[in-house]
Amino acid sequence: FVFGDRDNTPSLLDAQRWQAVATLIRANKGAVVAEQLRPLLNPSDEDKPVAKYYNIVSERFVLPALTRFGGHPEVTNNGELIYVF
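Note that this is a predicted model, so its numbers are computed, not measured. All residue numbers here refer to positions counted from 1 along the written sequence of the relevant chain. Confidence filtering applies because this is a predicted model: local features only for residues at pLDDT of at least 70, side-chain atom pairs given and counted only at 80 or more, and all residues used for totals across whole chains, interfaces and linings. The side-chain numbers reported here are obtained from all heavy atoms of the structure, hydrogens and water having been left aside.

### Describing the nonpolar core
Formed by 13 residues in total, the largest nonpolar core has its most connected members in V21, L37, L41, V62 and Y83. Of all the elements in the fold, those that place two or more residues in this core are helix 1 (9-27), helix 2 (34-41) and helix 3 (63-69). With 4 residues, helix 1 is the largest single contributor of residues to this core. The contact definition used throughout considers only heavy atoms, calling two residues in contact when any of these lie within 4.5 Å. Those residues in contact with L37 that lie beyond four places of it in its chain are V21, L24, V32, F61 and V62. Side-chain atoms within 4.5 Å link the members of a nonpolar core, which is a set of buried Ala, Val, Leu, Ile, Met, Phe, Trp, Tyr and Cys residues. Burial here depends on accessible area, computed with a 1.4 Å probe over protein chains only, as a share of the maximum for the residue type. Under 20% is buried, over 50% is exposed, and the range in between is partly exposed. Where helices and strands are cited, they refer to DSSP runs of H or I of at least four residues and of E of at least two residues respectively, numbered from the N terminus.

### What to know about helix 2
Regarding helix 2, the residues found buried are A34, L37 and L41. Buried residues of helix 2, viewed axially, fall in a sector of 65 degrees; they line one side. Turned more than 90 degrees away from the buried face of helix 2 sit E35 and P39, all of them exposed. Following helix 2 by one or two positions, N42 has its phi on the positive side, about 50 degrees. Taken from the helix axis, the directions to the C-beta atoms give the arc we talk about.

### Things to note about the pairing of strand 2 (residues 72-75)
Across 4 bridges, the pairing between strand 2 and strand 3 (residues 81-84) is antiparallel. Opposite E74, over in strand 3, you have I82 as the bridge partner. Joining the antiparallel neighbours strand 2 and strand 3 is a turn of 5 residues, in which G79 adopts a positive phi near 85 degrees. Strand pairing is defined by DSSP finding a minimum of two bridges between the two strands.

### Considering the pattern of salt bridges
Any carboxyl oxygen of Asp or Glu that lies within 4 Å of a side-chain nitrogen of Lys or Arg is treated as forming a salt bridge with it. Across all of its chains, the model carries 2 salt bridges by this definition. Between D14 and R17 there is a salt bridge; the shortest N-O distance is 2.5 Å. Here R17 and D14 lie together in helix 1, a separation of 3 residues that amounts to about one turn.

### Comments concerning the environment of V33
Inspection of the secondary structure assignment puts V33 in the loop between strand 1 (31-32) and helix 2. In this structure V33 touches L81, I82 and Y83, once residues within four positions along its chain are discounted.

### A look at the sheet that holds strand 2
Strand order in this open sheet of 3 strands is 1-3-2, and the pairing throughout is antiparallel. A strand with exactly one partner marks an edge of an open sheet, and here the two such strands are strand 1 and strand 2.

### Side note on unusual backbone geometry
Residues apart from glycine generally show negative phi values, whereas peptide bonds are mostly found in trans. Of note in the backbone geometry, K29 takes a positive phi value of approximately 55 degrees without being a glycine. If you trace the backbone, K29 turns up in the loop between helix 1 and strand 1. What makes K29 exposed here is its relative accessible area of 78%.

Here's what the structure looks like:
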C-alpha cells in the first residue's frame, strides 16, 4: 500500500471496550443494570427518554452486550430490570 496498512485503532478500541464490559460484568458477579453499561456501550440519541411526560427510556443499547456475553434480562421483585450473564 502506498500509505501503509489501514489504521487498526478502531478495532483496538473496540476490543478494549468489550474487555471493559467483561470486567464490569465479572466485578458485579454477572448482574448489572443498563446505567452501569451505558458509559461503555455508547448509546445513541435514540436511547434517550422516548416519552416527554413519562420516564420511559430505551435500553436497546444493551443488546450487543447481551448477545456477545450470553446474557438475558430479568425483573427483580422491586420491578427493576437487570441483566444477568
